[in-house]
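Listed below are the residues making up each chain.
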Amino acid sequence: MDTKMITLDRAHLQDSDFTEAAALLQAGELVAFPTETVYGLGGDALDPSASAKIYAAKGRPSDNPLIVHICDVKALEKLASTVPEEAYLLAEKFWPGPLTMVLPKSDLVPKETTGGLSTVAIRMPSDEIARELIRISNTYIAAPSANASGRPSTTRAEHVMEDLEGRIPLILDGGPVQIGLESTIVDLTGEVPMILRPGYITLEMLSEVIPNVTYDPAVLKHEKQDNIVAKAPGMKYRHYAPKGELTIFEGDLDRVVGKVATEAYHAALEGHVVAVLCSEETRERYARGNLYLVTVGARESEESIAANLFHALRECDHLGADRIFGESFPEHGVGQAIMNRLMKAAGYRIEEA
Ligand code: AMP
Ligand code: MG
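Parameters at a glance
- Residues numbered from 1 in each chain as written.
- Chains lettered and ligands numbered in written order.
- Predicted model: local features only at pLDDT ≥ 70, side-chain atom pairs only at ≥ 80, totals over all residues.
- Heavy atoms only, no water.
- Helix = DSSP H or I, 4+ residues; strand = E, 2+ residues; numbered from the N terminus.
- Rg over C-alpha atoms; globule rule 2.2 N^0.38 Å.
- Buried < 20%, exposed > 50% of the residue type's maximum accessible area, 1.4 Å probe, protein only.
- Contact = heavy atoms within 4.5 Å.
- Areas by Shrake-Rupley, 256 points an atom, 1.4 Å probe, with all protein chains shown as cover.
- Lys, Arg positive; Asp, Glu negative; His and termini not counted.
- Charge placed at Lys NZ, Arg CZ, Asp CG, Glu CD.
- Polar contact = N/O pair within 3.5 Å; in protein donor to acceptor, adjacent residues only side chain to side chain.
- Salt bridge = Lys/Arg side-chain N within 4 Å of Asp/Glu carboxyl O.
- Pairing = 2+ DSSP bridges.
- Axes fitted to C-alpha atoms, helices over the stretch in contact; angles between N-to-C directions.
- Phe/Tyr/Trp six-rings, centres within 6.5 Å; stacked < 30°, edge-to-face > 60°.
- Lys NZ or Arg CZ within 6 Å of the ring centre and 35° of its normal.
- Parallel < 35°, antiparallel > 145°, perpendicular 65-115°, else oblique.
- Left-handed = near helix turned anticlockwise from the far one by under 90°.
- Nonpolar A, V, L, I, M, F, W, Y, C, P; charged D, E, K, R; others polar.

Peer 1: Quick one: what's the story with the overall build of the protein chain, residue by residue and with numbers?
Peer 2: Within the protein chain, the regular secondary structure consists of 11 helices and 16 strands. On C-alpha atoms alone, the protein chain measures out to a radius of gyration of 20 Å, which is about the 20 Å that the 2.2 N^0.38 rule sets for 353 residues. Taken along its principal axes, the extent of the C-alpha atoms in the protein chain is 60 × 50 × 35 Å. Burial analysis of the protein chain (353 residues in total) assigns 56% to the buried set. In the protein chain, the proportion of contacts linking residues at least 24 apart, taken out of those at least 6 apart, comes to 69%. Counting every atom, the protein chain has about 14,500 Å² of accessible surface; 48% of that belongs to carbon and sulfur. Looking at the protein chain, you have 34 positive and 52 negative side-chain charges, and the mean spots of the two groups are 4 Å apart.

What follows is the structure, given as structure tokens:
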């Protein structure tokens, strides 16, 4: 299959930009498209065979459910069998935006889309291309991140091409995404609302609307714990991983830099192709040795780190790095989500500096 890329001009979007994509979706085919979080691999959420195609194209285990994307709050009542008051409050405050809510699913949603679960994850993206695509396709779009399963999520159309060329018919290119980390997932089906995946919308932000919200215990783990069952099935798989072996160092920043520099230097001496994941503030401190320096972003702007993280991980692959050493970042605010992704990318290979 040839994979076509259509580049859209965000300043002049027209309905006709979406004709081909909408026709494909209505025919049960797949289309990759930008959202404000990451690029999504979309299929008609109500068509079980489209969901099957999503799993096949990504190589994703079929027990890992898909998020259903909507462009109108009214869809909540169609997709969920019951909608608690909290869901409306959260929608009011955070939609459209990077928040996904898990609710009991209605009969309309096929089990193929929810990975066999009786719940459904729903999000209204703020990206205009995403919303127009949903509106013009006149359906709901199931869309996981548009990467090959296990690889870093896709934050640019070129990343999607890299992973899925030949596997899907169309990519809508809307340029680099705004946020760069997947949505926050909050489960509203239990007694207490639980964050299953941290994202740009933080616990602090959510607790202004639902004060009793907490993290699912699996989110806070710094190591792989097989005895803790991840409620978002996707969180249990190896994820976001670059091809090289990534090790993250945490602790006092000066010591982290020292440790990363030493480890990287020695690995390079041993003949490894070595990349260092650094920040703008620390970059010049890695002057010694034959190292590739990959800047994730600026410490003074955690948004810049979020936006660049997956691109930086892919950059390490392009450089052919087989050993990657990285700094950690403070775990408050969006930092919680940044470190969650980074630790998974490292396969929990975290060392104290
Ligand atoms: P992705 O779209 O690639 O970010 O993956 C979607 C994430 O949402 C995965 O981690 C899924 O496990 C999670 N998810 C989707 N539906 C549900 C659900 N019904 N309950 C819990 N987690 C879900
Ligand atoms: Mg994903």
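Peer 1: Could you give an account of unusual backbone geometry, naming the residues involved and the relevant values?
Peer 2: Here the amide bond leading from Trp 95 into Pro 96 is cis, since omega sits at -10 degrees, within 30 degrees of zero. As for its position among the elements, Pro 96 is in the loop between helix 4 (85-94) and strand 5 (99-104).

Peer 1: Describe helix 5 (residues 128-137), and please don't skip the residues or the numbers.
Peer 2: Within helix 5, burial applies to Ile 129, Ala 130, Glu 132, Leu 133, Ile 134 and Ser 137. As for helix 5, its buried residues are in contact with helix 1 (19-26), strand 2 (31-34), strand 4 (67-69), strand 7 (141-142) and strand 8 (170-173). Measuring from the backbone nitrogen of Ile 129 back to the side-chain oxygen at the start of helix 5 gives 2.7 Å, which picks out Asp 127 as the cap. In the segment just after helix 5, Asn 138 is the residue with positive phi, at about 60 degrees.

Peer 1: Help me get a handle on the pattern of salt bridges, residues and values and all.
Peer 2: A side chain of one charge can pair with a side chain of the opposite charge when the charged atoms of the two come close. Across all of its chains, the model carries 17 salt bridges by this definition. Linking Lys 4 and Glu 20 is a salt bridge whose minimum nitrogen-to-oxygen distance equals 2.8 Å. Here Glu 20 lies in helix 1 and Lys 4 lies in strand 1 (residues 4-7), a separation of 16 residues in the sequence. Overall, the relative accessible area of 39% leaves Lys 4 in the partly exposed class. With its nearest N and O atoms 3.4 Å apart, the salt bridge here joins Lys 93 to Glu 208. Remark: Glu 208 occurs in the loop between helix 7 (203-207) and strand 11 (214-215) and Lys 93 occurs in helix 4; sequence separation between them is 115 residues. With a relative accessible area of 61%, Glu 208 lands in the exposed category. The structure contains a network of salt bridges with shared partners spanning Arg 151, Glu 162, Asp 163, Arg 314 and Asp 317.

Peer 1: Give a detailed account of the sheet that holds strand 9 (residues 184-187), specifying residues and quantitative values.
Peer 2: An order of 1-8-2-3-7-4-6-5-9-10-11 is seen for the 11 strands of this open sheet, with the pairing classed as mixed. Two strands in the sheet have a free side with no partner beyond their single neighbour: strand 1 and strand 11. Pairing analysis gives 3 bridges linking strand 9 to strand 10 (residues 194-197), with the strands arranged antiparallel. Each residue of the ladder has a partner; that of Asp 187, found in strand 10, is Met 194. Packing against the sheet, helix 1 makes contact with strand 1, strand 2, strand 3 (39-44), strand 7 and strand 8, and its axis sits at approximately 140 degrees to strand 8. Across the sheet, helix 6 (residues 157-164) lies against strand 1, strand 2, strand 3 and strand 8, angled at about 165 degrees from strand 8, the strand it touches most.

Peer 1: Break down the packing of aromatic side chains for me, with residues and values.
Peer 2: Inspection of every chain in the model, using the stated rule, returns 1 aromatic pair. Lying across the ring of Tyr 265, Arg 288 places its NZ or CZ 3.7 Å from the centre.

Peer 1: Now, about the packing of helix 1 against helix 5: what can you tell me, with residues and values included?
Peer 2: At a minimum axis distance of 9 Å, the contact between helix 1 and helix 5 shows a crossing angle of 55 degrees. Of the possible angle classes, the one that applies to helix 1 and helix 5 is oblique. Crossing of helix 1 against helix 5: the hand is right-handed. Two secondary-structure elements touch here, helix 1 through Ala 21, Ala 22, Leu 25 and Gln 26 and helix 5 through Leu 133, Ile 136 and Ser 137. The residue makeup of the contact of helix 1 with helix 5, split by class, is 5 nonpolar, 2 polar and no charged.

Peer 1: Help me get a handle on the pairing of strand 3, residues and values and all.
Peer 2: Taken across its 6 residues, strand 3 has 6 buried, putting it largely inside the fold. Alignment of strand 2 against strand 3, held across 4 bridges, turns out to be antiparallel. Bridge pairing links Pro 34 to Tyr 39 in strand 3. The hairpin formed by strand 2 and strand 3 contains 4 residues between the paired strands. Here 2 bridges tie strand 3 to strand 7, and the two strands are oriented antiparallel to one another. Of the residues in strand 7, the one forming a bridge with Asp 44 is Ile 141.

Peer 1: Describe the side chain of Thr 3, naming the residues involved and giving the relevant values.
Peer 2: Structurally, the position occupied by Thr 3 is in the segment before strand 1. A polar side-chain atom of Thr 3 sits 2.7 Å from the main-chain amide nitrogen of Gly 166. In this structure, Thr 3 is in contact with Met 161, Leu 164, Glu 165, Gly 166, Arg 167, Ile 168, Pro 169 and Ile 171, ignoring residues within four places of it in sequence.

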